[in-house]
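Here is what each chain is made of, one letter per residue.
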Amino acid sequence: MFEALTQGLFVLIQVKVLGLMLVGIFLGFWVGILPGLGGATTLALMLPFIYTMSPVEAFAFLLGMHSVVATTGDITSILFGVPGEATTVAMILDGHAMAKRGEAGRALGAALMSSLIGAVFGALALALSIPVVRPLVLKFGAPELFMLAILGISFVSSLSGEGVRGLLRGVLAGLLGLLLSMIGQDPQEGILRFTFGIPYLWDGLDIVPVLVGLFAIPELVDLAVRGSSMGEQAPQGNLRIGVWDGVRDTFQHFWLVVRCSLIGTFIGIMPGLGGGVAQWISYGMATQSAKDQTERSGFGKGDIRGVLGPGAACNSKEGGALIPTIAFGVPGSSSMSILLAAFFIQGIMPGPDMLGKYLTLTFSMVWVLIIANIITVAASLVFLNHLAKLAYVRASILIPVILFLCFIGAYTANNSMGDLIAFLAFGGVGYLMVSCGWPRAPLVLAFVLGKIAENNFYIATTRYGYSWLHRPIVLFLIVLTLVLFFYPFLRYRKKEIPEKEMAA
Amino acid sequence: MKAVFKARSLLGLSVTIIGAYAFYDSWHWPNKAALFPRLISVPLFLLGLLETSLSLSGAEEQKGGAAVDFEFSTDVDPITARNRTLSLFLWVLGFFALIPLIGFLLAVPLFIFLSLKFQGKEGWLVSILLTACCWLFMEGLFDRLLHIPFAPGWLSFLWSS
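Residues numbered from 1 in each chain as written. Chains lettered and ligands numbered in written order. Predicted model: local features only at pLDDT ≥ 70, side-chain atom pairs only at ≥ 80, totals over all residues. Heavy atoms only, no water.

Can you tell me about the overall build of chain B, naming the residues and giving the values?
When you go through chain B residue by residue, the secondary structure sums to 7 helices and 0 strands. Beginning at the N terminus, the succession of helices and strands in chain B can be written as α-α-α-α-α-α-α. Over its C-alpha trace chain B gives a radius of gyration of 23 Å, far above what one expects of a compact globule, namely 15 Å for 161 residues. Projected onto its principal axes, the C-alpha positions of chain B cover 55 × 50 × 30 Å. Relative to its 161 residues, chain B shows a buried fraction of 41%. Relative to all contacts within chain B whose residues are 6 or more apart in sequence, the contacts with residues 24 or more apart total 52%. Counting every atom, chain B has about 9400 Å² of accessible surface; 73% of that belongs to carbon and sulfur. Positive and negative side-chain charges in chain B, numbering 11 and 11 respectively, have mean positions lying 5 Å apart. (Helix = DSSP H or I, 4+ residues; strand = E, 2+ residues; numbered from the N terminus. Rg over C-alpha atoms; globule rule 2.2 N^0.38 Å. Buried < 20%, exposed > 50% of the residue type's maximum accessible area, 1.4 Å probe, protein only. Contact = heavy atoms within 4.5 Å. Areas by Shrake-Rupley, 256 points an atom, 1.4 Å probe, with all protein chains shown as cover. Lys, Arg positive; Asp, Glu negative; His and termini not counted. Charge placed at Lys NZ, Arg CZ, Asp CG, Glu CD.)

Written out as structure tokens, the structure reads:
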């Protein structure tokens, strides 16, 4: 095993392989930064180029590109409040708030370092778990996936505002998100639900225009109202110092970064959950690390933990998602399905062979995840001063350019005018929600998880009747869901009682 | 403040109406298709009603309820803020209207130039340079390289016919 690990590294540092990986990293860097381009789309576009490559070269190129997309997507989210990738939306909440406060360097430093740790964590998980992952994945059927979705939705309580009133709005936003996820053709009966006779809605709402509208339009309104640059509210300061503060923050909250990396890896392993879920659950986990209400109310307004959690989870999920893809040929996400196609193009069948005949290739993938992220983070840190200065570009210049990127980003989801209408409609919804103090994160979390929950519920019920409720992992997840939902209240209540006693 | 209360009540009321409509719409669906929408729409309706009544009674004054989210800047005069918000939405809608009218490939440079020159009051050089950069990016990457199918505008159809 150790021999294969070192061989995996040696095959990677050959000039041609390394060169192709660098080309992949360069492409992934820009794909992540540009809102209009998705990682999965670019993977698909690059597939024709791998026909003439050897397997090691092909995966160094493709994985090198794919593994850094989330890392650089964070940069756009932090600097402009526009998601570079659909998986980097949670980063906007606190990362962009920090950039507006003049702490762009610190936010970027924290995002990059937590992303790197997350990526290394995911890669190590991939290296260590392949021989033992089969029983774990086989234990997770539709009932467990349904309960995992419900567990994710229970984080709505952590993502809501302060007090009962904040919870009420958070739950309402979550319910609205669930209802939005029901739009489109019902997979059980084939009924068209809430489509109003509009063909665009038959397949349901696409996540990209919804997210771009919800998050970008309110930020643009705020930028236009202030009429200044994004970071004008605070002096720029020394970015290098800010960056090192961010790096230091990552190690100060190391346990949180590790927990969120674990969440990301686990969600990556589970087919069908995806990165959109990982970022929000880890954000919810980060908000739960707040010691009291005052600390919690700082989330969404520039708390560094809100940057660290999603940063780590988004990158660790890549290593996790590779586990079922390599071990069983079961892709965990759309990107992994495309990567699976790359296996077939190369004439490789994922499965037991990856642990025997192709073990060196498997370990070379582990190294690609690590090295590509190290190179990207190093390059980003070198150019960070220039990147962070973008937050100080005049609003009059930024607004039209960002709007153009938002429109093109929304349109390329399905190349349809419907995407643009959805983008505008959700832009209005996002503006109203922010104006009225409603949290947007629960809506997105529930929107992402709603369909997964419903589909797996029916698969579970059809396959097991209601006996699935007695499965041990399901019971454990039910208890965990209840604990996670009520934990914030119990903790604050516990803290409030002694405070009241002290006051009395 | 009164306007915010009004918006809050309206948002609560909208959600209540959505909940009621979802329940009504799911009434004639088969059980499997209707189960989840009904399970969601009932609490949405009831909690929406509660939120609306609390907003109308001004309960947030006592109970805080700030979201885990960013808040709009409050250091700008409300009338200026309202005018700038309205202006931004008009520009966004204008851009959106241009796309079906003249097509994406023409709408992008036209919008960017007009927005920079007249809304942003930028100089000619900056406006022209930035417009050219955005157009090149759009044409080169999305049109030539990725072959994203951008439909031509209605006006070009009229022109060709």
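Report on the nonpolar core, specifying residues and quantitative values.
With 208 residues, the main nonpolar core has A:L62, A:L205, A:F215, A:W280, A:F407 and B:F104 as its most contacted residues. The biggest single contributor to this core is helix α18 (residues 359–389) of chain A, with 14 residues. Discounting residues that sit within four places of it in the chain, B:F104 has contacts with A:F407, A:I408, A:Y411, A:L420, B:I99, B:M138, B:F150 and B:A151. (Core = buried A, V, L, I, M, F, W, Y, C linked by side-chain atoms within 4.5 Å.)

Describe unusual backbone geometry, naming the residues involved and giving the relevant values.
Residue and element names in this part refer to chain A. You will see that F194, though not glycine, has its phi angle at about 50°, which is positive. Structurally, F194 is set in the loop between β2 (192–193) and α11 (207–226). Not every positive phi belongs to a glycine, and F196 is a case in point at roughly 50°. Relative to the helices and strands, F196 resides in the loop between β2 and α11.

Outline the side chain of B:S41, supporting the account with residue identities and numerical values.
Looking at where B:S41 falls in the secondary structure, it is placed in helix α2 (residues 31–56). Beyond its immediate sequence surroundings of up to four residues, B:S41 is in contact with B:G19, B:A22 and B:F23.

With reference to specific residues and values, describe the interface of chain B and chain A.
Accessible area lost upon the coming together of the parts is a frequently used measure of interface size. Facing 71 residues of chain B, the contacting portion of chain A comprises 80 residues. Summed over both sides, the interface of chain B with chain A buries roughly 6800 Å², with 76% coming from carbon and sulfur. Across the chain B-chain A interface, the total number found is 3 salt bridges. The partner of B:E122 in a salt bridge is A:R394, and the shortest N-O contact between them spans 2.7 Å. On the surface where chain B and chain A come into contact, there are 9 residue pairs in polar contact (both at pLDDT 80 or more). Those elements giving two or more residues to the side of chain B that touches chain A turn out to be α1 (2–25), α2, α3 (60–63), α4 (78–102), α5 (104–119) and α6 (124–145) of chain B. A per-element tally of the side of chain B that touches chain A places α2(B) first, with 15 residues. Looking at the side of chain B that touches chain A, its residues break down into 52 nonpolar, 9 polar and 10 charged. (Buried area = accessible area lost by both parts, 1.4 Å probe. Salt bridge = Lys/Arg side-chain N within 4 Å of Asp/Glu carboxyl O. Polar contact = N/O pair within 3.5 Å; in protein donor to acceptor, adjacent residues only side chain to side chain. Nonpolar A, V, L, I, M, F, W, Y, C, P; charged D, E, K, R; others polar.)

Any chance you could break down helix α21 (residues 441–464) of chain A for me, citing the residues and the numbers?
All names here are of chain A. Over its 24 residues, α21 runs 33 Å from end to end, which matches the ideal 34 Å to within 8%, given 1.5 Å per residue. Largest kink in α21: about 35°, centred on L449. The buried fraction of α21 is high, at 18 of 24 residues. Looking at the residues trailing α21, positive phi occurs at G465, about 65°. (Expected span 1.5 Å × (residues − 1). Bend = angle between axes of the 7 residues up to and from the residue.)

Could you give me a rundown of the packing of α11(A) against α21(A), with the residues and numbers involved?
Residue and element names in this part refer to chain A. Closest axis-to-axis distance for the α11/α21 pair is 12 Å, and the angle between their directions is 175°. Comparing the axis directions of α11 and α21 gives the class roughly antiparallel. Facing I207, V210, L211, L214 and F215 of α11, the residues of α21 in contact are L443, V444, F447 and V448. For the contact of α11 with α21, the class distribution of residues is 9 nonpolar, no polar and no charged. (Axes fitted to C-alpha atoms, helices over the stretch in contact; angles between N-to-C directions. Parallel < 35°, antiparallel > 145°, perpendicular 65-115°, else oblique.)

How would you sum up a nonpolar patch on the surface? Please name residues and give values.
Residue and element names in this part refer to chain B. A grouping of L101, W154, L155, F157 and L158 is seen on the molecular surface, where their side chains present a nonpolar patch of about 560 Å² in accessible area. No other element matches the 4 residues that helix α7 (residues 154–160) contributes to the nonpolar patch. Summarising the element assignment, W154 is placed in helix α7. What makes W154 exposed here is its relative accessible area of 55%. (Patch = residues over 30% accessible without salt bridge, like charges linked within 9 Å, V, L, I, M, F, W, Y side chains within 5 Å.)

Just give me the short version of the pattern of salt bridges, but keep the residues and values in it.
A complete count under the given rule lists 17 salt bridges over all chains for this structure. For A:R169, the salt bridge goes to B:E51, with nearest N and O atoms at 3.3 Å. Here A:R169, found in helix α10 (residues 163–181), pairs with B:E51, found in helix α2, and the two come from separate chains. Judged by relative accessible area, A:R169 falls into the buried class, the value being 1%. The residue B:E139 makes a salt bridge to B:R144 at a minimum N-O spacing of 3.2 Å. On the basis of relative accessibility, which here comes to 12%, the residue B:E139 falls in the buried class. What makes B:R144 exposed here is its relative accessible area of 59%.

Requested: an account of the environment of B:C133, with residues and values cited.
Within the element layout of this structure, B:C133 appears in helix α6. A residue is classified by how much of its surface remains accessible, and B:C133, at 47% relative accessible area, is partly exposed.

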